[in-house]
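Here's the letter readout for the chains.
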Amino acid sequence: MTRSDLVEELAARFAQLTHRDAESAVKTILDAMGDALVRGNRIEIRGFGSFSVSRRPPRVGRNPRSGESVMVPEKRVPHFKPGKALREAVDERSAQLDEPTARKD
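The structure displayed is predicted, hence computed values, not measured ones. (Residues numbered from 1 in each chain as written. Predicted model: local features only at pLDDT ≥ 70, side-chain atom pairs only at ≥ 80, totals over all residues. Heavy atoms only, no water.)

Quick notes on the sheet that holds strand 5 (residues 75–82)
Backbone-to-backbone hydrogen bonds pair the strands of a sheet. The strands run either parallel or antiparallel. As summarised here, the arrangement of the 3 strands in space is 1-2-5, forming an open sheet in which the pairing is antiparallel. Every interior strand has two partners, whereas the edge strands, strand 1 (43–45) and strand 5, have only one. When the angles between neighbouring strand axes are averaged without regard to direction, this sheet yields 25°. Of the strand pairs in this sheet, strand 2 (residues 49–56) and strand 5 are connected by 8 bridges, and their pairing is antiparallel. Looking across to strand 5, one finds that Arg 55 is bridged to Arg 76. (Pairing = 2+ DSSP bridges. Helix = DSSP H or I, 4+ residues; strand = E, 2+ residues; numbered from the N terminus. Axes fitted to C-alpha atoms, helices over the stretch in contact; angles between N-to-C directions.)

Examining the side chain of Ser 50
With respect to the secondary-structure elements, Ser 50 resides in strand 2. Polar side-chain contacts of Ser 50 include one of 3.2 Å to the side chain of Arg 42. Excluding residues within four positions of it along the chain, Ser 50 makes contact with Arg 42, Ile 43, Glu 44, His 79, Phe 80 and Lys 81. (Polar contact = N/O pair within 3.5 Å; in protein donor to acceptor, adjacent residues only side chain to side chain. Contact = heavy atoms within 4.5 Å.)

Overview of the pairing of strand 4 (residues 69–72)
Across 4 bridges, the pairing between strand 3 (residues 59–62) and strand 4 is antiparallel. Residue pairing across strands places Arg 62 opposite Ser 69, the latter belonging to strand 4. In textbook terms, the turn of a hairpin is the stretch between consecutive antiparallel strands, and for strand 3 and strand 4 this stretch comprises 6 residues, one of which, Gly 67, has a positive phi near 85°.

Let's talk about the pattern of salt bridges
Tallied over the entire structure, the rule returns 6 salt bridges. Of the charged contacts in the structure, one is a salt bridge between Arg 55 and Glu 74, with a shortest N-O distance of 2.9 Å. In this pair, Arg 55 sits in strand 2 while Glu 74 sits in the loop between strand 4 and strand 5, placing the two residues 19 residues apart along the sequence. When its relative accessible area of 36% is taken as the criterion, Glu 74 is described as partly exposed. Put simply, Arg 42, Glu 44 and Arg 46 are held in one network by salt bridges that share partners. (Salt bridge = Lys/Arg side-chain N within 4 Å of Asp/Glu carboxyl O. Buried < 20%, exposed > 50% of the residue type's maximum accessible area, 1.4 Å probe, protein only.)

A few points about a nonpolar patch on the surface
Together, Ile 45, Phe 48 and Phe 80 make up a nonpolar patch on the protein surface, roughly 240 Å² of accessible area in all. What makes Phe 80 partly exposed here is its relative accessible area of 32%. (Patch = residues over 30% accessible without salt bridge, like charges linked within 9 Å, V, L, I, M, F, W, Y side chains within 5 Å. Areas by Shrake-Rupley, 256 points an atom, 1.4 Å probe, with all protein chains shown as cover.)

Things to note about the packing of helix 1 (residues 3–13) against helix 2 (residues 19–38)
Where helix 1 contacts helix 2, the two axes come as close as 9 Å, and the packing angle between them is 125°. Of the possible angle classes, the one that applies to helix 1 and helix 2 is oblique. Crossing geometry of helix 1 relative to helix 2 is assigned as right-handed. Between helix 1, through Arg 3, Leu 6, Val 7, Glu 8, Leu 10 and Ala 11, and helix 2, the contact on the second element is made entirely by His 19, Ala 22, Glu 23, Ala 25, Val 26, Lys 27 and Leu 30. Looking at the contact of helix 1 with helix 2 residue by residue, the class counts come to 8 nonpolar, 1 polar and 4 charged. (Parallel < 35°, antiparallel > 145°, perpendicular 65-115°, else oblique. Left-handed = near helix turned anticlockwise from the far one by under 90°. Nonpolar A, V, L, I, M, F, W, Y, C, P; charged D, E, K, R; others polar.)

Dropping the structure here:
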């Protein structure tokens, strides 16, 4: 699902929202989440999951072309951990989609 798909879904579910309002709502939510992560805050959405910032320590890597050692600096990267309800829903629904349909012979 892309950002525009999310806007379309929101506009379809809530008839009182115009496409522009739905787009603004999605942009506002995503911007707020991004800003919170930049500040180092953790975001927890019950039943969905949590977003946090993880630290990757500096390390020695290799240049694949030349094979020489290269220092890779420390990084902070976003991390998502799905909640129990989301994990169970995905597992259950994907299992239903994977079931073969009964054949009539």
